[in-house]
Amino acid sequence: DQQVKQNSPSLSVQEGRISILNCDYTNSMFDYFLWYKKYPAEGPTFLISISSIKDKNEDGRFTVFLNKSAKHLSLHIVPSQPGDSAVYFCALRGGAQKLVFGQGTRLTINP
Amino acid sequence: DVKVTQSSRYLVKRTGEKVFLECVQDMDHENMFWYRQDPGLGLRLIYFSYDVKMKEKGDIPEGYSVSREKKERFSLILESASTNQTSMYLCASSFPLSYNEQFFGPGTRLTVL
């Protein structure tokens, strides 16, 4: 039973446009939400996070939105750049310092 | 610059072999984690450790064991490798009680024949 779902395995976006990646979860106990980015042959790297007491956090071109009532997390990238092409994982903290990861979405930015 | 290193980038083993995957971090982190990454399944936690000689089972511990004799080193052991353990293995570390960015190593691509 998957607690965290990224329903889109892949997403293709034109350079300069907005990329929106989504993540849904079922457990209300998650209290901290992170996005990681992974390039091929590298480990995931932390991108941006948000705590459950907020509904938005922004860092440059990256914004994370949290809708607790819908149990929905999203990452907006604007404007999208070719270097943003990677696999993106949402990761949710549910206690005991463990993270539960989504399945990942492969984002491709087309020139 | 923070660093998590893994002993091998690619490894090929035979069914039934005992396999050791090593992970070392230089950030003095208390927490260390082993994940496996499979297509369509994301990252799944195998084992983690909060301190030296401490270990906790993750979501998929079957067929694996771990060892943490020193703070900076966390080893994953496949007692008798099977083909369904062919995967990308990722090690990570973090500080405790912080809003927990985990730092990942580059991964070991293990193939069991």
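A. Summary view of the state of the cysteines. Counting across every chain of the model gives 2 disulfides over all chains. Shown here is the disulfide that connects Cys23(A) with Cys90(A), its sulfur atoms set 2.1 Å apart. Looking down the S-S bond of the Cys23(A) and Cys90(A) bridge, the torsion is 70°, so its handedness is right-handed. Of this pair, Cys23(A) sits in strand β3 (residues 19–25) while Cys90(A) sits in strand β9 (residues 86–93), and the two are 67 residues apart along the sequence. The disulfide that involves Cys23(B) links it to Cys91(B), with 1.9 Å between the sulfurs. Since a negative S-S torsion denotes a left-handed disulfide, the Cys23(B)-Cys91(B) link at about -75° is left-handed. You can see Cys23(B) sitting in strand β3 (residues 19–25) and its partner Cys91(B) sitting in strand β9 (residues 87–94), a full 68 residues away along the chain.

B. Layout of the packing of aromatic side chains. Enumeration over the complete set of coordinates arrives at 12 aromatic pairs over all chains. Centroid distance Tyr36(A) to Phe46(A): 6.0 Å. Interplanar angle 75°. Geometry classified as edge-to-face. Here Tyr36(A) is found in strand β4 (residues 32–38), whereas its partner Phe46(A) is found in strand β5 (residues 45–51), with 10 residues between them in sequence. For Tyr36(A), a relative accessible area of 0% gives the class buried. Judged by its relative accessible area of 29%, Phe46(A) is partly exposed. Between Tyr35(B) and Phe104(B), the aromatic rings sit 5.6 Å apart at their centres with planes inclined by 40°, giving tilted as the arrangement. Placement of Tyr35(B) in strand β4 (residues 31–38) and of Phe104(B) in strand β10 (residues 103–104) is noted, with a sequence separation of 69 residues between them. For Phe104(B), a relative accessible area of 11% gives the class buried.

C. Looking closely at the interface of chain B and chain A. Residue-level contacts link 24 residues of chain B with 18 residues of chain A. For the chain B and chain A pair, buried surface summed over both sides reaches about 1,800 Å², with 55% attributable to carbon and sulfur atoms. Counting across the chain B and chain A interface gives 0 salt bridges. In this structure, the connection of chain B to chain A is made through 2 residue pairs in polar contact (both at pLDDT 80 or more). At the level of secondary structure, the elements contributing two or more residues to the side of chain B that touches chain A comprise β4 and β5 (42–49) of chain B. In the side of chain B that touches chain A, the residues fall into 14 nonpolar, 8 polar and 2 charged.

D. Focus on the sheet that holds strand β8 (residues 73–78) of chain B. All names here are of chain B. Across the sheet, 4 strands lie side by side as β1-β3-β8-β7; this open sheet has antiparallel pairing. The outermost strands of the open sheet, each flanked by one partner alone, are β1 (4–6) and β7 (64–70). Between one strand axis and the next, the sheet turns through 20° on average, direction left out of account. Here β1 runs beside β3; their pairing, made up of 3 bridges, is antiparallel.

E. A nonpolar patch on the surface, seen in detail. Together, Ile18(A), Ile20(A) and Val78(A) make up a nonpolar patch on the protein surface, roughly 230 Å² of accessible area in all. Tracing the chain through its elements places Val78(A) in the loop between β8 (72–77) and β9.

F. Seen up close, the sheet that holds β3(A). Residue and element names in this part refer to chain A. With antiparallel pairing, the 5 strands of this open sheet are ordered in space as β1-β3-β8-β7-β6. Edge positions in the sheet fall to β1 (4–5) and β6 (56–59), since each has one partner strand and no second. For β1 and β3, the ladder comprises 2 bridges, and the chain directions are antiparallel. The residue of β3 that forms the bridge with Lys5 is Asp24.

Rules behind the numbers
- Residues numbered from 1 in each chain as written.
- Chains lettered and ligands numbered in written order.
- Predicted model: local features only at pLDDT ≥ 70, side-chain atom pairs only at ≥ 80, totals over all residues.
- Heavy atoms only, no water.
- Disulfide = S-S within 2.5 Å.
- Helix = DSSP H or I, 4+ residues; strand = E, 2+ residues; numbered from the N terminus.
- Phe/Tyr/Trp six-rings, centres within 6.5 Å; stacked < 30°, edge-to-face > 60°.
- Buried < 20%, exposed > 50% of the residue type's maximum accessible area, 1.4 Å probe, protein only.
- Contact = heavy atoms within 4.5 Å.
- Buried area = accessible area lost by both parts, 1.4 Å probe.
- Salt bridge = Lys/Arg side-chain N within 4 Å of Asp/Glu carboxyl O.
- Polar contact = N/O pair within 3.5 Å; in protein donor to acceptor, adjacent residues only side chain to side chain.
- Nonpolar A, V, L, I, M, F, W, Y, C, P; charged D, E, K, R; others polar.
- Pairing = 2+ DSSP bridges.
- Axes fitted to C-alpha atoms, helices over the stretch in contact; angles between N-to-C directions.
- Patch = residues over 30% accessible without salt bridge, like charges linked within 9 Å, V, L, I, M, F, W, Y side chains within 5 Å.
- Areas by Shrake-Rupley, 256 points an atom, 1.4 Å probe, with all protein chains shown as cover.

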